[in-house]
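So the chains spell out like this:
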Amino acid sequence: MKFSIALAPLFLSTLIASEGLSFFGGGQKVLDDKGGAVPGDNPLTHCKADHGSDILNLERVDLTPNPPHAGSTLTIEAKGELLEQVEKGAYVNIQVKWGIVKILTTKADLCEQVSNVDLECPIQKGKVTITKDVELPKEIPPGTYTVSADAYTVDEKHIVCLDATVTFST
């Protein structure tokens, strides 16, 4: 559970800043690439092939190191463009699985989460760039983790939906 709580803000921090949001590129295999990979060194994919109506266009997401390692610092660099301002009341549905076991399913206030990357609502339309260091706990159990995040504005406009799969080994 400690890993799932640490991973959720990690995923959300990249959510606001890039179109091709990617968690763990490099040595990680992208599974179920139904929506196309997000540009950069990461394991992120869009949830759906048609994401043209999303109001977040991700240009690039890079993770260092990629793949990440338990007990290390993960640096996330993301660039993108918001086509509309994001107001208070925006939310994100998050699901984290360890193998086939759901370890987290939640609906989070997006505006509360973006404070982790020094942003606040309303998030202005236009170019957005973030760089964030995340300390990954050394207690992350080995296995394959799948994370999905689907974000919406207060008016139910689709911001972005991203999937990522990463494997932590012993």
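Higher on the page you've got the structure.
Residues numbered from 1 in each chain as written. Predicted model: local features only at pLDDT ≥ 70, side-chain atom pairs only at ≥ 80, totals over all residues. Heavy atoms only, no water.

> So what about the state of the cysteines? Which residues, and what values?
Summed over the entire model, instances satisfying the criterion amount to 2 disulfides. One disulfide in the model links Cys111 with Cys121; its S-S distance is 1.9 Å. Across the S-S bond linking Cys111 and Cys121, the dihedral sits near -85°, which makes this disulfide left-handed. Taken together, the positions of Cys111 in helix 2 (residues 110-113) and Cys121 in the loop between helix 2 and strand 6 (126-135) put the pair 10 residues apart, joining distant regions of the chain. The connectivity of the disulfide bonds within the protein can be written as 1-4, 2-3, using the sequence rank of each bonded cysteine. (Disulfide = S-S within 2.5 Å. Helix = DSSP H or I, 4+ residues; strand = E, 2+ residues; numbered from the N terminus.)

> I'd like to hear about the sheet that holds strand 3 (residues 73-82), residue by residue, with values.
Taken in spatial order, the 3 strands line up as 2-3-6 in an open sheet, and their pairing is antiparallel. Two strands lie at the open edges of the sheet, namely strand 2 (56-64) and strand 6, each paired on one side alone. The average angle at which neighbouring strand axes cross in this sheet is 15°, direction not considered. Looking at chain direction, strand 2 and strand 3 are connected through 8 bridges and run antiparallel. Of the residues in strand 3, the one forming a bridge with Thr64 is Thr75. (Pairing = 2+ DSSP bridges. Axes fitted to C-alpha atoms, helices over the stretch in contact; angles between N-to-C directions.)

> Break down the nonpolar core for me, citing the residues and quoting the values.
Formed by 39 residues in total, the largest nonpolar core has its most connected members in Val61, Val86, Val92, Leu110 and Ile159. If you list the elements that add at least two residues to this core, you get strand 2, strand 3, strand 4 (91-98), strand 5 (101-109), helix 2, strand 6, strand 7 (143-152) and strand 8 (158-168). Sort the elements by how many residues they give to this core and strand 8 lands first, with 6 residues. (Core = buried A, V, L, I, M, F, W, Y, C linked by side-chain atoms within 4.5 Å. Buried < 20%, exposed > 50% of the residue type's maximum accessible area, 1.4 Å probe, protein only.)

> Outline the environment of Lys102, supporting the account with residue identities and numerical values.
With respect to the helices and strands, the residue Lys102 is situated in strand 5. Residue classification places Lys102 among the exposed residues on the basis of a relative accessible area of 53%. On a C-alpha basis, the gap between Lys102 and Tyr145 in space is 9.6 Å, while along the polypeptide they are 43 residues apart. Setting aside anything within four residues of it in sequence, one finds Lys102 in contact with Gln95, Val96 and Lys97. (Contact = heavy atoms within 4.5 Å.)

> Describe the packing of aromatic side chains, listing the residues and the values that go with them.
Tallied over the full model, the rule gives 3 aromatic pairs. Judged by centre distance (5.5 Å) and plane angle (25°), the rings of Tyr91 and Tyr152 are stacked. With Tyr91 in strand 4 and Tyr152 in strand 7, the pair connects residues that are 61 residues apart, well separated along the chain. Within the aromatic cluster, the residues linked to one another by ring pairs are Trp98, Tyr145 and Phe168. If you follow Lys107 out to its NZ or CZ, it ends over the ring of Tyr91, 4.2 Å from the centre. (Phe/Tyr/Trp six-rings, centres within 6.5 Å; stacked < 30°, edge-to-face > 60°. Lys NZ or Arg CZ within 6 Å of the ring centre and 35° of its normal.)

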